[in-house]
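Analysis of the macromolecular model
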Amino acid sequence: MGIVVQDVSKQFGSFLAVDQVSLEVKTGSLVALLGPSGSGKSTLLRLISGLEMPDSGKVFVTGRDATYESVQDRNIGFVFQHYALFKHLSVRKNIAFGLEIRKAPKGKIKAKVEELLELVQLQGLGDRYPSQLSGGQRQRVALARALAVEPKVLLLDEPFGALDAKVRKDLRAWLRRLHDEVHVTTVFVTHDQEEAMEVSDEIVVMNKGRVEQVGTPAQIYDNPASAFVMSFIGPVNVLPSTSRIFEGNGFESTHPEVFLRPQDVLIETQQNGTTVPARVSRLIHLGWEIQAELTLDDGQVVTAHLTRERFDQLKLEPQQRVYVKPKEAKAFPLYYSI
């Protein structure tokens, strides 16, 4: 097993950052810790790395009890959001730093650095300095430096958070390809749901210091374990269970709130026995899909997502009268908060 966390808690003053968390990360997997600010995901990562010590519980790394081991003894690579590169060292020297500290043979260091430059697609840039690189290139240098010492575990703390959207998207696709080549057990922290869904094998959803759900991206999205998970992973309409949109559709709930994904709002231009009237209050073109904001007759606003093909079929216009019904909805017994 790559990483095992057993009933770990960590408190800072009166703030309980991690509350009796248990977690297993399989060897060679890529796992995302996902949650809002203050959910405990970065603290959990630091507890795994040894940068923080738990108040209670245990941390096992590659089958060994590492709860009170130092960072150095855990053989863990760590990549931060802000690169933490040495400005006065070249790209080659930055990548070689950990190996030089360990007094590896010069021939091995040279070969490893060249191998990593190719792996992170920075061939020909080894003699440049960090100031001469883009943000995305700097983050790739940071990853190469972490991989140079051949860590058993790689930890990434919001690695793409400081980059613009386009670079972030390119880098997370690159990270997935890189992981498929090196297969090092990897845990990364993010608050970006799309990033977690796109990159990871499994997602650990955290809230208020606890784990809400662990599963594949498909499991988390399609079968959320709680109201919090459904509200945090992907867009959702939160409607009272008494909303007219649920009338005549066989959906009944004893809970006050019902969760309805925008893609599960069906729109027709003609009334039938199971639809309710609404008005198109706004249309937003998102490229590959259209977002329609609909106002029901009782004043409630519902968001729907349509494919371009379906939008063209319906020929929707602002202020148009339409008829809607839910395809699928979920209700949960517990109150949620973000």
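Turning our attention to the confidence of the model for the protein chain. Residues with a pLDDT of 70 or more make up 97% of the protein chain, whose mean pLDDT is 90. Of all secondary-structure elements in the protein chain, the lowest mean pLDDT belongs to helix α5 (residues 165-182), at 84, while strand β9 (residues 202-207) reaches the highest, 97.

Our focus in this paragraph is the nonpolar core. Ranked by internal contacts, the top residues of the largest apolar core, which has 46 residues, are Ile95 and Leu154. Among the elements that make up this core, the one with the highest residue count is helix α4 (residues 135-148) (7 residues). Aside from chain neighbours lying at most four places away, what touches Leu154 is Gly77, Val79, Leu143, Ala146, Leu147, Val184, Thr185, Thr186 and Val187.

Two elements in contact, helix α2 (residues 91-101) and helix α3 (residues 106-119), have axes whose closest approach is 10 Å; the angle formed by their N-to-C orientations is 130 degrees. Judged by the inter-axis angle, α2 sits oblique to α3. Crossing handedness for the pair α2 and α3: right-handed. Across the interface between the two elements, Val91, Arg92, Ile95, Ala96, Leu99 and Glu100 of α2 pack against Ile109, Lys112, Val113, Glu114, Leu116 and Leu117 of α3. Taken together, the residues of the contact of α2 with α3 break down into 8 nonpolar, no polar and 4 charged.

Under the definition given, this model contains 21 salt bridges. Among the ionic pairs, Arg92 bridges to Asp127, the shortest N-O distance being 2.8 Å. Of this pair, Arg92 sits in helix α2 while Asp127 is found in the loop between α3 and α4, placing the two residues 35 residues apart along the sequence. Through salt bridges with shared partners, one network takes in Lys169, Arg172, Asp192, Glu194 and Glu198.

Now for a nonpolar patch on the surface. A surface patch of nonpolar side chains, about 200 Å² in accessible area, is lined by Leu51, Val71 and Phe80. By secondary structure assignment, the location of Leu51 is in the loop between α1 (41-49) and β4 (56-61).

Moving on, we get to the layout of surface pockets. Taken as a whole, the largest pocket spans an internal volume of roughly 580 Å³. Lining the largest pocket are 22 residues, with Val71, Ile76, Gly77, Phe78 and Arg102 positioned closest to its centre. Counting residues per element, the ones that place at least two in the lining of the largest pocket are β6 (76-79), α2 and α4. In terms of residue count, β6 provides more of the lining of the largest pocket than any other element does, 4 residues in total. One number sums up the size of the second largest pocket: a volume of about 240 Å³.

To continue, consider the packing of α2 against α4. The N-to-C vectors of α2 and α4 enclose an angle of 25 degrees; their axes lie 7 Å apart at closest approach. With respect to α4, the element α2 is oriented roughly parallel. By crossing handedness, the relation of α2 to α4 is classed as right-handed. The segment α2 lies against α4, with Val91, Asn94, Ile95 and Leu99 engaging Val141, Ala144, Arg145 and Ala148.

Pairing within the open sheet is antiparallel, and its 4 strands lie in the order β2-β1-β4-β5. Edge positions in the open sheet fall to β2 (15-25) and β5 (64-65), since each of these has one partner strand only. Relative to strand β1 (residues 3-12), α1 is tilted by about 120 degrees, and along the sheet it contacts β1, β2 and β4.

In this section: the environment of Lys58. Of note, Lys58 is situated in strand β4. Of the residues examined, Lys58 reaches a relative accessible area of 38% and is grouped as partly exposed. A C-alpha to C-alpha distance of 9.2 Å links Lys58 and Ser22, two positions 36 residues apart in sequence. The contacts of Lys58, once residues within four sequence positions are left out, are Val4, Val5, Gln6, Val8, Asp65 and Thr67. Side chain to side chain, Lys58 and Asp65 meet in a polar contact 3.4 Å long.

Strand order across the open sheet formed by 5 strands is β13-β17-β14-β15-β16, with antiparallel pairing between neighbours. The sheet terminates laterally at β13 (265-268) and β16 (301-307), the two strands that pair on one side only. The average undirected angle you get between the axes of adjacent strands in this sheet is 45 degrees. By the bridge criterion, 7 bridges tie strand β15 (residues 289-296) to β16 in an arrangement that is antiparallel. Counterpart to Gln291 in the pairing with β16 is His305.

Each value, and the rule that gives it
All chains use their own residue numbering, which begins from 1 and follows the written sequence. The predicted origin of the model limits local features to residues at a pLDDT of at least 70 and limits the giving and counting of side-chain atom pairs to 80 or more, whereas totals for whole chains, interfaces and linings rest on all residues. Hydrogens and water are ignored here; the side-chain numbers use all heavy atoms of the structure. The predictor's confidence in any single residue is recorded as pLDDT, a number from 0 to 100. Here a helix means four or more residues in a row that DSSP labels H or I, a strand means two or more in a row labelled E, and each is numbered from the N terminus. The definition of a nonpolar core used throughout is a set of buried Ala, Val, Leu, Ile, Met, Phe, Trp, Tyr and Cys residues joined through side-chain atoms within 4.5 Å. Exposure classes here rest on a 1.4 Å probe applied to the protein chains alone. A residue is buried below 20% of its type maximum, exposed above 50%, and partly exposed in between. The contact criterion used is simple: two residues touch if any of their non-hydrogen atoms lie within 4.5 Å. Think of each axis as a best-fit line through the C-alpha atoms, taken over the contacting stretch in the case of a helix, with angles from 0 to 180 degrees between the N-to-C directions. Roughly parallel means an angle under 35 degrees; roughly antiparallel means over 145; roughly perpendicular covers 65 to 115; every other angle is labelled oblique. It is the rotation of the near helix from the far one that decides the hand of a crossing: anticlockwise by less than a right angle makes it left-handed, clockwise makes it right-handed. When residues are sorted by character, Ala, Val, Leu, Ile, Met, Phe, Trp, Tyr, Cys and Pro go into the nonpolar class, Asp, Glu, Lys and Arg into the charged class, and all the rest, Gly among them, into the polar class. For this analysis, a salt bridge means a side-chain nitrogen from Lys or Arg found within 4 Å of a carboxyl oxygen belonging to Asp or Glu. Patch definition: residues with relative accessible area over 30% and no salt bridge; like charges joined within 9 Å; nonpolar side chains (Val, Leu, Ile, Met, Phe, Trp, Tyr) joined within 5 Å. Per-residue accessibility takes into account occlusion by the displayed protein chains alone, with areas from the Shrake-Rupley method and a 1.4 Å probe. The method works on a 1 Å grid over the protein atoms by themselves. A cavity is a set of points holding a 1.4 Å probe that cannot get out, a pocket is an open set with protein on both sides within 12 Å along at least five of seven lines, and residues with an atom within 4 Å of a point line them. Grid points are joined across faces, edges and corners, and a volume is the space filled by probe spheres set on the points. Pairing between two strands requires that DSSP report at least two bridges joining them. Contacts described as polar in this section are N or O atom pairs within 3.5 Å, which, within protein, must combine one atom able to donate a hydrogen with one able to accept it, while residues neighboring in sequence count only if both atoms come from side chains.

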